[in-house]
Amino acid sequence: QAAAPLHPVAVQCQEAQIVIRVHRDLFGTGRLVKAADLTLGSAACLPVAQNAAETTVIFMAGLHECGSTLQMTPDSLIYKTSVSYKPTPSGNLVIVRTNAAVVPIECHYPRKSNVSSNAIQPTWAPFHSTLLVEERLTFSLRLMNDDWNTERLSNGFQLGESLYLQADVASKGHVPLRLFVDDCVATLNPDRNSSPQYTLIDLSGCLVDGRSDDTTSVFISPRPKQETLQFMVGAFKFAGDNRNLIYITCHLKVSPADQAPDPLNKACSFNKASSLWAPVEGTGDICSCCETGNCLLYG
């Protein structure tokens, strides 16, 4: 909604930046505040534009600029900032006629999204108390050729071949993020809860299909970049079913790249030669729950 006296602050969270429009009738009294008295964040960034005709002031800043802070919850990345109004005397240098004000603002980006092939489309909606806008990070899951350089045009495979799967997240403008594949399940129709089903990745990043005797399923290490995770899975079919189309649905999530991997944020493969689980990054102990099955206890 447009910034207006009834709703004096409007927020739009975009992929890489936040755009804030402040109506100069900040208190709905008809008295316009001075644009120079409005700042953004703890760094007190100044407006980038002022629309005299609509009496609005516009702030634009990267998600981690102007002193914004990042909070991470199990489900969201939350960027917090605020618009501050600090009145300065005009005319009579002894008095002011308005109070100072601070408008807290939050941008929420869900850490997790389900994807099969198409990227999640951005959405945003306002919240009732703090001005809060939600936009989804853009996740993708693609079949790649065996050189990992190009997307595979065909989705047909022969048994004995390997599927080269690449998960990505577009994180431009965010603090550096690391992508994880929380779980993957194969089904015979698009409903991931349908039966029969076969679990490829489970327990917050354990590639459990790699434990099978007849496959070499593995996460590729090292990563090409923190926002990308690649893994190979041996082609398969469901026993006793003649259908040759299989759906693979994966649950992707991110964490800040400077956060050390842990049992809930990991990518672990099973090494048949050593009979041990090994992580793409982090210490080996974060994979121990792949064997015991109690990874969620670490939450």
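Up top you'll find the structure we're talking about.
Conventions we followed
- By convention here, each chain's residues receive numbers from 1 onward along its written sequence.
- Only residues with pLDDT of at least 70 are given local features in this predicted model, and only at 80 or more are side-chain atom pairs given and counted; all residues enter the totals for whole chains, interfaces and linings.
- Hydrogens and waters are ignored; side-chain quantities use all the structure's heavy atoms.
- The criterion is simple. A nonpolar core is a set of buried Ala, Val, Leu, Ile, Met, Phe, Trp, Tyr and Cys residues joined through side-chain atoms within 4.5 Å.
- When accessible area is computed with a 1.4 Å probe and restricted to protein chains, residues below 20% of their type maximum are described as buried, those above 50% as exposed, and intermediate ones as partly exposed.
- Here the limits of each domain have been adopted from an automatic or database domain assignment.
- Any two residues whose heavy atoms approach within 4.5 Å are treated as being in contact.
- Two strands pair if DSSP finds at least two bridges between them.
- The secondary structure listing takes helices from DSSP runs of H or I that are at least 4 residues long and strands from runs of E that are at least 2 residues long, numbered from the N terminus.
- To get an axis, a line is fitted to the C-alpha atoms, and for a helix only the part in contact is used. The angle between two axes follows their N-to-C directions and goes from 0 to 180 degrees.
- In this scheme Phe, Tyr and Trp rings, the latter by its six-membered ring, pair at centre separations within 6.5 Å, and the angle between planes marks the pair as stacked below 30 degrees, edge-to-face above 60, and tilted otherwise.
- Note on geometry: a ring has a charge over it if NZ (lysine) or CZ (arginine) is within 6 Å of the ring centre and within 35 degrees of the ring normal.

A.B. asks: What exactly am I supposed to notice about the nonpolar core here?
C.D. replies: Nonpolar side chains in soluble globular proteins tend to be buried together. With 55 residues, the main nonpolar core has Ile20, Leu38, Val83, Val181 and Phe231 as its most contacted residues. Counting only domains with at least three residues in this core, you end up with domain 1 (9–110) and domain 2 (138–292). Beyond its immediate stretch of four places on either side in the chain, Ile20 contacts Val9, Ala10, Leu40, Val57, Ile58, Phe59, Val83 and Ile105. Among the nonpolar cores identified, the runner-up in size contains nine residues, and Cys206, Trp277, Ile286 and Cys289 belong to it.

A.B. asks: Teacher, can you tell me more about the sheet that holds strand S9 (residues 112–115) here?
C.D. replies: By definition, the strands of a sheet pair up through backbone hydrogen bonds, in either a parallel or an antiparallel sense. Taken in spatial order, the four strands line up as S9-S17-S13-S14 in an open sheet, and their pairing is antiparallel. The strands lining the two open edges of the sheet, one partner per strand, are S9 and strand S14 (197–201). Across the sheet, the mean angle separating the axes of adjacent strands is 20 degrees when strand polarity is ignored. As defined by bridge partners, strand S13 (residues 177–187) adjoins S14 across four bridges and the pair is classed as antiparallel. Residue pairing for S14: Ala186 is matched across the bridge by Tyr198.

A.B. asks: When you look at the packing of aromatic side chains in this model, what are you seeing that I'm missing?
C.D. replies: Two numbers describe a pair of aromatic rings. These are the distance of the centres and the angle of the planes. Applying the stated criterion across every chain, the model contains seven aromatic pairs. For the ring pair Phe27 and Tyr85, a centre distance of 5.9 Å and an interplane angle of 65 degrees mean the geometry is edge-to-face. With Phe27 in the loop between strand S2 (17–23) and strand S3 (38–40) and Tyr85 in strand S7 (residues 76–85), this residue pair connects regions lying 58 residues apart in the sequence. Residue classification places Phe27 among the partly exposed positions, given a relative accessible area of 36%. An aromatic cluster of three or more residues is present, and its members are Tyr198, Phe236 and Phe238. Above the plane of the ring of Phe270 lies Arg211, whose end atom (NZ or CZ) is 4.2 Å from the centre. Positioned above the aromatic ring of Phe180, the side-chain terminus of Arg223 is 5.2 Å from the ring centre.

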